[in-house]
Each structure stands twice: as C-alpha cells, then as structure tokens.
Amino acid sequence: MNKTHDTDKSPAGDEDGELDPRDAARIIEQTEIQARRQFETSSPLAALLGAGVFLFGYGAVWFSMRDQRVYAGPAGWSLALLYGLIAVSAIVGSRVSRRATTGVSGRARRQMQAQSAAVMVAGMGAWVVEGALRHLGVSFRIVYGIFGPTVPLIALAAAAGGYAAAREKWPELGLTMAIIAVAAGSTYFGPNGAWGLTGVGCCVALMTYAAVLTVRLRRPSPVQP
Amino acid sequence: MTADALDPLIHAPARLRIMVTLAALNDGDTLSFTRLKDMLDLTPGNLITHLRKLEDAEYLRTVKTGNGTASLTSVTMTRRGRAALEAYTAALRDLIAGV
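Residues numbered from 1 in each chain as written. Chains lettered and ligands numbered in written order. Predicted model: local features only at pLDDT ≥ 70, side-chain atom pairs only at ≥ 80, totals over all residues.

> Give me the overall build of chain B: which residues, what numbers.
Scanning chain B from N- to C-terminus turns up 4 helices and 3 strands. For chain B, the N- to C-terminal ordering of α and β elements is α-β-α-α-β-β-α. In terms of principal-axis extent, the alpha carbons of chain B reach across some 50 × 25 × 20 Å. Intrachain contacts of chain B at a sequence separation of at least 6 include 57% that bridge at least 24 residues. (Helix = DSSP H or I, 4+ residues; strand = E, 2+ residues; numbered from the N terminus. Contact = placed C-beta atoms within 7 Å.)

> So, the pairing of strand β3 (residues 72–77) of chain B: which residues are in play, and what are the values?
Residue and element names in this part refer to chain B. When strand β1 (residues 30–32) meets β3, the two strands line up antiparallel, connected through 2 bridges. The residue of β3 that forms the bridge with Ser-32 is Ser-74. Pairing geometry for strand β2 (residues 60–65) and β3, over 6 bridges, is antiparallel. Bridging across to β3, Thr-65 finds its partner in Leu-72. (Pairing = 2+ DSSP bridges.)

> Just give me the short version of the interface of chain B and chain A, but keep the residues and values in it.
Contacts between the two partners involve 33 residues from chain B and, on the opposite side, 31 residues from chain A. Of all the secondary structure elements, the ones that give two or more residues to the side of chain B that touches chain A are α1 (13–23), β1, α2 (33–40) and α4 (79–98) of chain B. A per-class count over the side of chain B that touches chain A returns 17 nonpolar, 11 polar and 5 charged. Taken together, the 2 bridges between strand β1 (residues 104–105) of chain A and β1 of chain B define a ladder with antiparallel strand orientation. Considered in β1 of chain B, the bridge of Val-104 of chain A is made with Leu-31 of chain B. (Nonpolar A, V, L, I, M, F, W, Y, C, P; charged D, E, K, R; others polar.)

> I'd like to hear about the nonpolar core, residue by residue, with values.
Counting 40 residues, the largest nonpolar core has Ile-179 and Leu-206 of chain A as the members making the most contacts within it. Of all the elements in the fold, those that place two or more residues in this core are α2 (44–65), α3 (76–101), α5 (140–166), α6 (170–186) and α7 (190–218) of chain A. The element best represented in this core is α5 of chain A, accounting for 12 residues. Residues Leu-16, Ile-18, Val-75 and Leu-85 of chain B belong to the second largest nonpolar core, which totals 37 residues. (Core = buried A, V, L, I, M, F, W, Y, C linked by C-beta atoms within 7 Å. Buried ≥ 20, exposed ≤ 12 C-beta atoms within 10 Å, placed from the backbone.)

> How would you sum up the UniProt feature "transmembrane region" (unreviewed entry) in chain A? Please name residues and give values.
Residues and elements named next belong to chain A. When the UniProt feature table is mapped to this numbering, "transmembrane region" (unreviewed entry) covers residues 45–65, 77–96, 117–136, 142–166, 173–189 and 195–215. In this annotation, residues 45–65 is assigned 100% helix and 0% strand; the end-to-end C-alpha distance for the span is 30 Å. From the first C-alpha to the last, residues 173–189 spans 26 Å; its make-up is 82% helix and 0% strand. (UniProt positions renumbered as here; feature names shortened; annotations may be inferred.)

> If you had to explain unusual backbone geometry to someone new, which residues and values would you point to?
Residues and elements named next belong to chain B. The phi torsion at Asp-41 lies on the positive side, around 55°, for a residue other than glycine. Residue position: Asp-41 is located in the loop between α2 and α3 (44–56). The backbone of Glu-58 sits at a positive phi, close to 65°, despite the residue not being glycine.

> Would you mind going over the environment of Ile-142 of chain A in detail, with residue names and values included?
Of note, Ile-142 of chain A is situated in helix α5. Sequence separation between Ile-142 of chain A and Pro-191 of chain A is 49 residues; the distance between their C-alpha atoms is 7.7 Å.

> Break down the packing of helix α1 (residues 21–39) of chain A against α4 of chain B for me, with residues and values.
The interhelical angle for the contact between α1 of chain A and α4 of chain B, taken along N-to-C directions, is 130°, at an axis separation of 10 Å. Between α1 of chain A and α4 of chain B, the angle falls in the class oblique. The crossing of α1 of chain A and α4 of chain B is left-handed. Contacts between α1 of chain A and α4 of chain B involve Pro-21, Arg-22, Ala-24, Ala-25 and Ile-28 of chain A from the first element and Thr-89, Leu-92, Leu-95 and Ile-96 of chain B from the second. Of the residues belonging to the contact of α1 of chain A with α4 of chain B, the class tally is 7 nonpolar, 1 polar and 1 charged. (Axes fitted to C-alpha atoms, helices over the stretch in contact; angles between N-to-C directions. Parallel < 35°, antiparallel > 145°, perpendicular 65-115°, else oblique. Left-handed = near helix turned anticlockwise from the far one by under 90°.)

Encoded structure:
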C-alpha cells in the first residue's frame, strides 16, 4: 500500500502556479500518448497478427491448391491452419478491445457494440449467400474457391468501413477500402488468385495499417511549439 | 505573456493529467474512478481531492450508479472543461513560443 502520489514525481509540486510551462507541455504530451494507447481499440500488434493470418492462413490454402489443374479444394491441414490463426487473431483482438474499453461507458461503448453487431450480420449474410449458391448448384470452384475467400471478407470490411467513415477514422477506412479492392480484384484470377492475391494484398494492407497506428500512437502533442 | 495566463485549476500536474486523460475520451463518455486511478497511479484520496476541485469548477462531472458495495463512480468531462483545457493548451503554446 505504498502508492506514491504521482505528483511527487513531477518536476514541480502540485501547488497552483508552481509548474514550469515546459514541464506542463511535457506532462500533456506524455499523458496524451498514454491515454491514446490505453483507449485505442486497435493495436499495431493485433494488426500484425491479422497480417499473419492472411499471409500464412490464406497462403497455406493457396499453397495446397497451387498445382491443381482441376479444382479439388484446399487440403485439410491448410484449412485447419487458417481457422486456427483466425481464432487466435479474434481472441487477441477482443482482448485488446476489452482492455481499451474497461471502465469506459457511454457513446463509445454503444458504438463499438453496434459496430460488432453490424460486422457480424454482414459476415453472416455473406456466408448464408455462399450456402445458398451451393444449394442452387453453383460449382465448388466458384462457391469455395472464389466466393469463400473474398465476398464474406468484402462484406465484413464494408460494414467496418462504414463505421470508420462515420467516426472519421481515416486509417481504418483506408484499410477497409484496401481490403475490399484487393479481395474484389483477386476474384478475376480464379481460386488460386482469390486465395493467393487476397492473402498477400491484405497482409500488405494490414502491415501498412500497423505502421500508421504506431506513428499515430507516438504522435507528439500539438502543445509543443 | 506570463504563467499567470494559465488556468490555475488546470495548471497543476495531477489535475492536468486528469484533464488530458478525460479529454482523450469521446465527448460524453465516462471513465470509472478505478480505471482513472490506475491510469494515473494516484491514491484514491489524492484523486478525490483533485476531482472535487475540478468538479467545483464544473470542468468535470462525477456520476454514481448503483448502491452500497456495487456502486460505481464514473467521471466525465463537461463541455466547459473541454473548452477550459483547449484555452489552457492554447495559452501554454503561446507562452512556450514566446519564451
């Protein structure tokens, strides 16, 4: 129970008028960076993990199908790896998000819950359509080779992008737009292109996003002259 | 410009950190007393003292929900508090630029 009053560690006492202006600017900068890190719902580490999911998960599926002349589907081990990586990434993402919103209530929390619901419904809608296409007799190649790796991703990114645009979160909007562009464009290249190009493209997009997040979290305070 | 131009209520290390931390939240969001205490590494007594001063100036508002042991105290920055912090940082910027 030996907690130190933090102001004791400060360059000046806590009495009015004793604080040097430069020390005040430094306190603002340090506190802003700390608060930004603590309240940020996305972390560079989670983004890098997401990049790993695309590179190794989608990459594994592409690798297992790369020599197929006739579409036979991905190997079981590659799907297991993909879903395993998705599960790990989801767990890390939800932990980061929970840590950021612990003790925070009000509009931000409600917005996050609404966003999660919108993204989940968008993904489920795309998966239902995927099932319907197969039910209606569309080939495995189209349903699981092309639609599967891209359209649900586009739906998830579109829902997340709408939320990012409404909150003027430009890096997140840029990321979701890049994911949509890569996933949509890759469908022109068949199952191998859909898995391979989406994997590499989304990996690059997420690594760029992680770099932007890192810079944003370290951005100096506007108080500094 | 001198340091007298700086709002004395904000121009104290602990209160400055409280204000900057709460300003990082979205407008209207509240932060629990416990999380704020942990983030700033202040003792409960110290934090209460500083919060009371800022609340008296209507820079902050404390919200209590629940009863007894299940009660939760949260803190939110008022519009007046946000404006005061903006005025403070603007004055501080001018002061530093003039040094």
